[in-house]
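Residues per chain are reported as follows:
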Amino acid sequence: VGSPKDLVLSPVVIAMWKPMAEVLGWPDKPLGWADIAQLAISEKGWEQYGYPEWGNFKFGHTHPGYSNSGIVSAIAEAYAGAGKVRGLTEQDLNDAKLKTFMASVESSVIHYGTSTGFFAERMFERGPSYLSAAVIYENLVVAQESKRLSGASTQLSVVAIYPKEGTFWANHPYVVLNAPWVTPEQRSVAEDFQSFLLDRPQQMKAIELGFRSADPAIPLTSPLDAEHGVDISQPKTVLEIPSVEVIAGIQALYWDLVGAIRSF
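Residues numbered from 1 in each chain as written. Predicted model: local features only at pLDDT ≥ 70, side-chain atom pairs only at ≥ 80, totals over all residues. Heavy atoms only, no water.

(A) Representation of the side chain of S104. By the secondary structure assignment, S104 is in helix α4 (residues 96-106). Residue S104 is classed as buried on the basis of its relative accessible area of 13%. Filtering out sequence-adjacent residues up to four positions away, S104 remains in contact with A37, A40 and I41. (Helix = DSSP H or I, 4+ residues; strand = E, 2+ residues; numbered from the N terminus. Buried < 20%, exposed > 50% of the residue type's maximum accessible area, 1.4 Å probe, protein only. Contact = heavy atoms within 4.5 Å.)

Written out as structure tokens, the structure reads:
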């Protein structure tokens, strides 16, 4: 009933190894899905930037049928292909340019994970030879950089790229179910627990773990900083959540395009 409150926030980002991001012009040049698409269709891969030893560009995101970051990746690609940030329609999905754009991005995907956290762990464990970049959440970039800075990881630095065409928030809402088996006592306790989680000490703990506080009055401090690969002034553009019909259309289009590229 009503609109649920968000507990914490974390934008969906493209995590990329810092040396690779710098070659593409980061942090001075805004990067996004168009850059991913260009790299994906390039026969030379990283060689065109003077680093043949890096091989082809290898991209990854979670499976759109199993993971939130996977489906928002497909939606963001569709928006970028349509050149829109809101008002995406079913008619837009029939545009040949949009289809070509999404196919280009997906052609570089070498692995689809089922869990964003597990997927990020594999990328950070296996390094640049496994993936050049992947769609994950900002808090996972912070967590990896915290491990690296503490000496718990020997990997290269990783940074968060906030797609110039726009991205989404993972908003982690708190919901008290409106069901007949939820007793008044349970509802009262659930509301107390929500207040506890939204209280300043818990929100500060969330920031320590790389999440952004749901309370705009709480300043975003370390580790939400450049040292940990993130930029709290981003994202500049937040995409509008499409209608259910458009999301279903994107899912269907995704399967058509990916089916033409590879089989599962």
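(B) Up close: helix α8 (residues 200-208). Within the sequence span of α8, burial applies to Q203, A206 and I207. Down the axis of α8, the buried side of the element spans an arc of 100°, and every buried residue falls inside it. In this structure, the buried residues of α8 make contact with β2 (8-17), α7 (184-198) and β9 (212-213). Following α8 by one or two positions, G210 has its phi on the positive side, about 95°. (Arc of directions from axis to C-beta.)

(C) The arrangement of the packing of aromatic side chains in detail. Applying the stated criterion to the full structure yields 10 aromatic pairs. Ring geometry for W33 versus F59: centroids 6.2 Å apart, planes at 80°, classification edge-to-face. Of this pair, W33 sits in helix α2 (residues 33-41) while F59 sits in strand β3 (residues 59-62); the two residues are 26 residues apart in sequence, bridging distant segments of the chain. Assessed through its relative accessible area of 0%, F59 is described here as buried. Taking 5.9 Å as the distance between ring centres and 55° as the angle between the ring planes, the aromatic pair formed by W46 and Y49 counts as tilted. Taking the relative accessible area as the measure of exposure, W46 reaches 0% and is therefore buried. For R126, the ring lying beneath its charged end belongs to Y130, and the centroid distance is 4.9 Å. (Phe/Tyr/Trp six-rings, centres within 6.5 Å; stacked < 30°, edge-to-face > 60°. Lys NZ or Arg CZ within 6 Å of the ring centre and 35° of its normal.)

(D) View of the side chain of D92. With respect to the secondary-structure elements, D92 resides in the loop between α3 (68-82) and α4. Within the local environment of D92, its side chain forms a polar contact with the side chain of K84, the two groups lying 2.7 Å apart. Leave out the neighbours within four places in its chain, and D92 touches A82, K84, G87 and L98. (Polar contact = N/O pair within 3.5 Å; in protein donor to acceptor, adjacent residues only side chain to side chain.)

(E) Representation of the packing of α2 against α4 within the structure. Taken N-terminus to C-terminus, the directions of α2 and α4 make an angle of 65°; their axes are 7 Å apart at the nearest point. Judged on the interaxial angle alone, α4 and α2 are roughly perpendicular. The two elements α2 and α4 meet at a crossing, and its hand is left-handed. Residue-level inspection shows W33, A34, I36, A37, A40 and I41 of α2 in contact with α4, the latter providing F101, S104 and V105. Grouping the amino acids of the contact of α2 with α4 by side-chain chemistry returns 8 nonpolar, 1 polar and no charged. (Axes fitted to C-alpha atoms, helices over the stretch in contact; angles between N-to-C directions. Parallel < 35°, antiparallel > 145°, perpendicular 65-115°, else oblique. Left-handed = near helix turned anticlockwise from the far one by under 90°. Nonpolar A, V, L, I, M, F, W, Y, C, P; charged D, E, K, R; others polar.)

(F) Representation of the nonpolar core within the structure. With 66 residues, the main nonpolar core has M16, W33, F59 and I136 as its most contacted residues. Top element by residues in this core is α3. It accounts for 8 residues. (Core = buried A, V, L, I, M, F, W, Y, C linked by side-chain atoms within 4.5 Å.)

(G) Expanded view of the pattern of salt bridges. On inspection of all chains with the given rule, the structure shows 6 salt bridges. Linking K164 and D35 is a salt bridge whose minimum nitrogen-to-oxygen distance equals 3.5 Å. A residue pair is termed long-range when its members are at least 10 positions apart, and K164 in the loop between β6 (158-161) and β7 (169-170) and D35 in helix α2 qualify at 129 residues. The partly exposed category is assigned to K164, whose relative accessible area is 39%. For the salt bridge of E138 with R212, the shortest nitrogen-to-oxygen distance reads 2.6 Å. One end of the pair, E138, is in helix α6 (residues 138-150); the other, R212, is in strand β9, and 74 residues separate them in sequence. R212 gets classed as buried once you look at its relative accessible area, which sits at 5%. (Salt bridge = Lys/Arg side-chain N within 4 Å of Asp/Glu carboxyl O.)

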